[in-house]
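The residues making up each chain are set out below.
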Amino acid sequence: MPSADRPDRRGGAGCKRRQPQEAAASVYSHGPATVRDARMSPRQYVLTFSCPDRPGIVNAVSGHLFGHGANILESQQYSDPDSGRFFMRTVFALVEAGASFEALREAFAVPAGRFGMQWTMRDRSERRRVLLMASKFDHCLADLLYRWRNGELAMDIVAIVSNHPRETYRHLDFEGIPFHHLPLPPGGKAAQEARLWALVEDTRAELVVLARYMQVLSDDLSAKLAGRCINIHHSFLPSFKGAKPYHSAHARGVKLIGATAHFVTADLDEGPIIEQDTQRVSHHDTPADLIRIGRDIERRVLAQALRCWLDDRLLLNGQRTVVFSV
């Protein structure tokens, strides 16, 4: 994958490049307050896009930014030989007097149209709206709440949804977050998902995170949430199926367990993979040990996947993903 520091055949960087200053300290407020650090001054913006690969893309993008008073702070790019598509993430600041982000973004439609780009451009200080879902197992939910409250995950949690009642999480602090109990009685899946979709629309949730939500979404809801629903799978896919994967893995004497964060699609557990991690185990480990180790892996894998999405480091590439490193 080409890096930001290597020359690119698509053309020169039409504006000055410099590395952002190291943050001397990070200051944040509890929960929903805006996270701020030294990287956010001056205000930063992020552009991400993919398009058919051809010469001149980088030159056009950097030239456009330069022409509208922007300075590139960070840039990463990747040309996929299999799909023939080009992917890019660029962080920039406006440094010229009178420069306007709105004017820059509106005018970017011209080069975007010329190269057939699928693109987004946003202010990095804007917090993304995220809806969390969980079932009985709450370790991933608890971990995300902790990282949110200490400022590690800069997002607005618009709701927590579960098919279990609030009492299931009596030990967790949901202060300031609306909780919705959407039970699943026999034959009630369609009605429950209709309520869930209405909630997604009402809260204007940009992303739905299945933090060990142990219900399979219907094909219809999966299609509605395409590209905006992340699941944590309690195994290193592909792997053992069924309700007790760690017990099955133990019975087979596995030496490696893991977890997988992926986008939800109609094909169960077959969506584009975002993040994975593993840990070696041995014959000494019991099923209880594997469950404990697996929960730790699930927490960090889901958190990393969400972190990449929040910081616009994640782009879809058909059945795969491009994840630009931190």
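Residues numbered from 1 in each chain as written. Predicted model: local features only at pLDDT ≥ 70, side-chain atom pairs only at ≥ 80, totals over all residues. Heavy atoms only, no water.

With four bridges connecting them, strand 14 (residues 314-317) and strand 15 (residues 320-323) associate as antiparallel partners. Note that in strand 15 the partner of Leu 315 across the bridge is Val 322. Between the end of strand 14 and the start of strand 15, which pair antiparallel, lie two residues, with Gly 318 showing a positive phi angle near 65°. (Pairing = 2+ DSSP bridges. Helix = DSSP H or I, 4+ residues; strand = E, 2+ residues; numbered from the N terminus.)

One open sheet accounts for seven strands, arranged 9-8-7-10-11-12-13; its pairing is mixed. Of all the strands in the sheet, just strand 9 (179-181) and strand 13 (273-280) have a single pairing partner and so form its edges. Averaged over all neighbouring strand pairs, the angle between strand axes comes to 20°, with direction disregarded. The strands touched by helix 8 (residues 287-310) within the sheet are strand 7 (128-134), strand 8 (155-162), strand 10 (207-210), strand 11 (229-233), strand 12 (256-263) and strand 13, with strand 13 carrying the most contacts at an inclination of about 150°. (Axes fitted to C-alpha atoms, helices over the stretch in contact; angles between N-to-C directions. Contact = heavy atoms within 4.5 Å.)

This next bit is on the pattern of salt bridges. Tallied over the entire structure, the rule returns 22 salt bridges. Here Asp 312 makes a salt bridge to Arg 122, at a shortest N to O gap of 2.7 Å. Placement of Asp 312 in the loop between helix 8 and strand 14 and of Arg 122 in strand 6 (residues 118-123) is noted, with a sequence separation of 190 residues between them. The exposure class of Arg 122 is buried, given its relative accessible area of 12%. The partner of Arg 313 in a salt bridge is Asp 311, and the shortest N-O contact between them spans 3.0 Å. (Salt bridge = Lys/Arg side-chain N within 4 Å of Asp/Glu carboxyl O. Buried < 20%, exposed > 50% of the residue type's maximum accessible area, 1.4 Å probe, protein only.)

Turning to its location among the elements, Ser 75 is positioned in strand 4 (residues 70-80). Ser 75 sits in the buried class, given a relative accessible area of 5%. For Ser 75, the side chain forms a polar contact with the side chain of Thr 90, separated by 3.3 Å. (Polar contact = N/O pair within 3.5 Å; in protein donor to acceptor, adjacent residues only side chain to side chain.)

Moving on, we come to the packing of helix 4 (residues 139-149) against helix 8. Helix 8 packs onto helix 4 with a crossing angle of 45° between their chain directions and a minimal axis gap of 9 Å. Taken as axis vectors, helix 4 and helix 8 run oblique relative to one another. Crossing of helix 4 over helix 8 shows right-handed handedness. When helix 4 is examined against helix 8, the residues His 139, Cys 140, Asp 143, Leu 144 and Arg 147 are found in contact with a partner set consisting of Arg 295, Glu 298, Arg 299, Arg 300, Leu 302, Ala 303, Leu 306 and Arg 307. Taken together, the residues of the contact of helix 4 with helix 8 sort by class into five nonpolar, one polar and seven charged. (Parallel < 35°, antiparallel > 145°, perpendicular 65-115°, else oblique. Left-handed = near helix turned anticlockwise from the far one by under 90°. Nonpolar A, V, L, I, M, F, W, Y, C, P; charged D, E, K, R; others polar.)

The subject of this paragraph is helix 5 (residues 189-203). Between its first and last C-alpha, helix 5 extends 21 Å over 15 residues, near the 21 Å set by a 1.5 Å rise per residue. For helix 5, every residue scored as buried is listed here: Gln 192, Glu 193, Leu 196, Trp 197, Leu 199, Val 200 and Thr 203. The buried residues of helix 5 occupy one face: seen down the axis, they fall within an arc of 155°. Exposed residues lying more than 90 degrees from the buried face of helix 5 are Ala 190, Ala 191 and Asp 202. (Expected span 1.5 Å × (residues − 1). Arc of directions from axis to C-beta.)

Among the nonpolar cores identified, the biggest contains 39 residues, and Leu 132, Leu 141, Leu 144 and Leu 145 are the most heavily contacted of them. Those elements that provide at least two residues to this core are strand 7, helix 4, strand 8, strand 10, strand 11, strand 12 and helix 8. Of the residues forming this core, the biggest block, ten residues, is contributed by helix 8. Setting aside anything within four residues of it in sequence, one finds Leu 145 in contact with Leu 132, Ile 157, Ile 160, Asp 173, Phe 174 and Ile 177. Membership of the second largest hydrophobic core comes to 22 residues, among which are Phe 49, Ile 57, Phe 86 and Phe 92. (Core = buried A, V, L, I, M, F, W, Y, C linked by side-chain atoms within 4.5 Å.)

Ordered by their spatial adjacency, four strands build an open sheet running 4-5-3-6, and the pairing between neighbours is antiparallel. Each having just a single partner strand, strand 4 and strand 6 make up the two edges of the open sheet. The sheet shows a mean angle of 10° between the axes of neighbouring strands, taken without regard to direction.

Between the first and last C-alpha of helix 8 there are 34 Å, a value that for 24 residues agrees with the 34 Å anticipated at 1.5 Å per step. Taken from the residues just after helix 8, Asp 312 is the one with a positive phi, measuring 55°.

Mean pLDDT over the chain: 86, with 83% of residues reaching 70 or higher. Considering only residues more than four positions removed or in separate chains, one finds that residues 1-30, a stretch of pLDDT under 50, has 63 contacts. Note on residues 32-40: pLDDT under 50 across the span, and 22 contacts to partners over four residues away in sequence or across chains. (pLDDT = per-residue confidence, 0-100.)

Look at Arg 212: it is not a glycine, yet its phi comes out positive at around 65°. Looking at the secondary structure, you find Arg 212 in the loop between strand 10 and helix 6 (219-224). For Arg 212, a relative accessible area of 6% gives the class buried. The backbone of Asp 312 shows a phi angle near 55°, a positive value even though the residue is not glycine.

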